[in-house]
Amino acid sequence: METLTLYYFDEAGYYEGDCLFQVMEGVFPPDRTTQTALPDDADREKNFYKWDGAKWVVEPKPTKIDDLIGIVVSHKSDTLHDIEMRQLIQDLAEGVEGYRIVRGEGEDMTWAVEKIPEEEIEAQEAEAAISDFDSQMSSLKERMSLAMLQGDQEQVTALQAEYKNLMTQGV
């Protein structure tokens, strides 16, 4: 009984694994398989391998956030490549300042990474500064009301100086 080792790949061409195929008359190898083995020096920890119809093409796996820009990964796909890419997106992008994970809308739910536009970062910083100013002003008003009710002129004078200082700092 003759057997062949076949190397199979997903719809996009990415290596999925290998299997033994029993050669029999009238039985053909499954679709998306090749008899061409991965290169002898294949490093599947560092690279993806993609079948181009004639040979395996080496694609280095993303190792830093910028490697992920422009890549969109299906949420529905359960191929080894897409499962690993979703995990890489989470590992490399989660909590990295200036970048965010973007999910598709509705049924789509794709995974991607994008660089947050500078204008948006500046707007967030401005909103945080305004919020901080409002918080300080609210606290100052409460303490001023209490000092005035208690007739504590020394505290009122100190709070007036704090108010002037806060107003000269600006937002």
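Details of the structure are given in the entry above.
Please read all numbers here as calculations on a predicted model, not as lab measurements.

Caption draft 1: Up close: unusual backbone geometry. Unusually for a residue other than glycine, Arg32 sits at a positive phi of about 55°. Owing to a relative accessible area of 42%, Arg32 belongs among the partly exposed residues under this scheme. The phi angle at Met109 is positive, at roughly 50°, despite the residue not being glycine. Locating Met109 in the fold gives a position in the loop between β6 (99-103) and β7 (111-115). Here Met109 falls in the partly exposed class, since its relative accessible area comes to 28%.

Caption draft 2: Representation of the pairing of strand β4 (residues 47-51) within the structure. Here β4 lies mainly inside the structure; four of its five residues are buried. Pairing of β4 with strand β5 (residues 56-60), which is carried by five bridges, proceeds in the antiparallel orientation. Following the sheet pairing, Phe48 is matched in β5 by Glu59. Following β4, the chain reverses through four residues before pairing antiparallel with β5; Gly53 in that reversal takes a positive phi of roughly 105°.

Caption draft 3: Summary view of the packing of aromatic side chains. Inspection of every chain in the model, using the stated rule, returns five aromatic pairs. Measuring from ring centre to ring centre gives 6.3 Å for Phe9 and Trp51, while their planes differ by 25°; the resulting arrangement is stacked. Here Trp51 lies in strand β4 and Phe9 lies in strand β1 (residues 3-9), a separation of 42 residues in the sequence. The class for Phe9 is buried, based on a relative accessible area of 13%.

Each value, and the rule that gives it
Residues numbered from 1 in each chain as written. Predicted model: local features only at pLDDT ≥ 70, side-chain atom pairs only at ≥ 80, totals over all residues. Heavy atoms only, no water. Buried < 20%, exposed > 50% of the residue type's maximum accessible area, 1.4 Å probe, protein only. Helix = DSSP H or I, 4+ residues; strand = E, 2+ residues; numbered from the N terminus. Pairing = 2+ DSSP bridges. Phe/Tyr/Trp six-rings, centres within 6.5 Å; stacked < 30°, edge-to-face > 60°.

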